[in-house]
Every structure is written in C-alpha cells, then in structure tokens.
Amino acid sequence: MKLQYMPFLLPLYADNLEQEILNRFLRGHRIIQTRKELVSMDNISYWAILVEYLDSPDKDAGEQTNKSKIDYKEILSAEDFIIFSKLREIRKKLAEENGLPVYAVCTNEQLAEIAKRKPKNLAECKKIEGIGQGKAEKYVPDLLECVNTEKK
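Residues numbered from 1 in each chain as written. Predicted model: local features only at pLDDT ≥ 70, side-chain atom pairs only at ≥ 80, totals over all residues. Heavy atoms only, no water.

Q: Which parts of the structure should I look at to understand the nonpolar core?
A: The nonpolar side chains of soluble globular proteins are, as a tendency, buried together. F84, L87, L111, I114, I131, V140 and L143 are the most contacted members of the largest nonpolar core, which totals 19 residues. For this core, the secondary structure elements donating two or more residues are α4 (78-98), α6 (108-117) and α9 (140-151). Here this core takes five residues from α9, the largest share from any one element. Setting aside anything within four residues of it in sequence, one finds I131 in contact with C106, Q110, I114, C125, K126, A136 and V140. Counting nine residues, the second-largest nonpolar core is a separate cluster that includes L22, F25, I49 and V51. (Core = buried A, V, L, I, M, F, W, Y, C linked by side-chain atoms within 4.5 Å. Buried < 20%, exposed > 50% of the residue type's maximum accessible area, 1.4 Å probe, protein only. Helix = DSSP H or I, 4+ residues; strand = E, 2+ residues; numbered from the N terminus. Contact = heavy atoms within 4.5 Å.)

The following block contains the structure:
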C-alpha cells in the first residue's frame, strides 16, 4: 500500500452535497490523518483539508474482519446487546461529527466490553484494551452516559 494525499477545498458554509463528497471519501478509504486550515481567497472563507490515506480502499480491513466476524447478539446477553446496539448508534454519530471511520472511535469489541462491564467512569473504561487517554477523554463520556442511562 502506498501513502496518498487528497486535497479538498470546502466553503466555510458548505452545502450538504460538498460535505457528503468529503464524508464519502473519508468513509471509503483508510485515513491516516486529516489536516484542516481556514483560508481566505477572493474574500471567501474556505476549509482547506488535506487527507492522508492509504491507496487501498477499506476493502482490506473489511475482508480481514469478515474472516473472524463475530455475532455479538450470540455472545452478549439480551440486556448487554441492547446497550451494545445503542453504543453503536452513539459511535456512528461521534464518527460522523469528527469525520472519522467508526472503528477509529471504538471497535465493536471495545463497545461489547463496555456493554458487558458497564464502567462507571473513564478510569474503568481505560482498562479496556485499545481505550487510552485520548479516546477516553474525547468519546467515552457520551458512551458512559448511555451505559448509565440503561442501567437504571
């Protein structure tokens, strides 16, 4: 795989079509990182976005997960699966808001662990493999709110 770059120039007040083009590209590729900067040209403000990605679309990652696809409905209790499903909805919303693929927020495995363990705080979430300080601070509060709501 080869590292590639794709530039986007998005008007500050972009319409849904321009945003969808960018979001579709982000969802369809293995993104390494994005950089954005506010620029002004001819008195119009734009977001200059540079996306660094691997040249192979996400097919490689999809094929890898299909080999060992897990049916969480079978391995989680009914109660835990309900929480897991709600956590996936929250993860999707967080990913869209941050322009990330869903697995960059949390993997299904991490969400299943959160659903099973029902952590009460960030420290307990950081004990789950793959959830470090960054994820814990940025995404976990929304996930914990869901878990705590469902426990009641």
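Q: Help me out: how do you make sense of α6 in this one?
A: Because each turn of an α-helix spans 3.6 residues, side chains separated by three or four positions in sequence point in the same direction. Listing the buried residues of α6 in full gives Q110, L111, A112, I114 and A115. Of the residues flanking the end of α6, it is K118, one or two places downstream, whose phi is positive at about 50°.

Q: Quick question: what am I supposed to make of the environment of L10 here?
A: Note on placement: L10 falls in strand β1 (residues 3-11). Taking the relative accessible area as the measure of exposure, L10 reaches 12% and is therefore buried. Distance in space between the C-alpha atoms of L10 and L22 is 8.6 Å, their sequence separation being 12 residues. Setting aside its immediate chain neighbours within four residues, L10 contacts E18, Q19, L22, Y46, W47 and I49.

Q: What should I look at first to understand the pattern of salt bridges in this one?
A: For side chains bearing opposite charge, pairing can occur when the charged atoms are close. Applying the stated criterion to the full structure yields eight salt bridges. For E97, the salt bridge identified is with K93, shortest N-O distance 3.6 Å. Of this pair, E97 and K93 both sit in helix α4, separated by four residues, roughly a single helical turn. Owing to a relative accessible area of 48%, K93 belongs among the partly exposed residues under this scheme. (Salt bridge = Lys/Arg side-chain N within 4 Å of Asp/Glu carboxyl O.)

Q: Which parts of the structure should I look at to understand a nonpolar patch on the surface?
A: A cluster of nonpolar residues, L3, Y5, I32 and L50, forms a patch on the protein surface that exposes about 350 Å² of accessible area. Along the chain, the position of L3 falls in strand β1. With relative accessibility at 38%, the residue L3 sits in the partly exposed group. (Patch = residues over 30% accessible without salt bridge, like charges linked within 9 Å, V, L, I, M, F, W, Y side chains within 5 Å. Areas by Shrake-Rupley, 256 points an atom, 1.4 Å probe, with all protein chains shown as cover.)

Q: Any chance you could explain the packing of aromatic side chains here in plain terms?
A: All told, the structure shown has four aromatic pairs when counted by the stated rule. A ring pair is formed by F25 and Y53, whose centres lie 5.0 Å apart and whose planes are at 90°; its orientation type is edge-to-face. In this pair, F25 sits in helix α1 (residues 16-28) while Y53 sits in strand β3 (residues 44-57), placing the two residues 28 residues apart along the sequence. Among the residues examined, F25 registers a relative accessible area of 12% and is labelled buried. Judged by relative accessible area, which is 9%, Y53 ranks as buried. Their ring planes at 35° and their centres at 5.9 Å tell us that F81 and F84 sit as a pair that is tilted. Of this pair, F81 and F84 both sit in helix α4, separated by three residues, roughly a single helical turn. Overall, the relative accessible area of 23% leaves F81 in the partly exposed class. (Phe/Tyr/Trp six-rings, centres within 6.5 Å; stacked < 30°, edge-to-face > 60°.)

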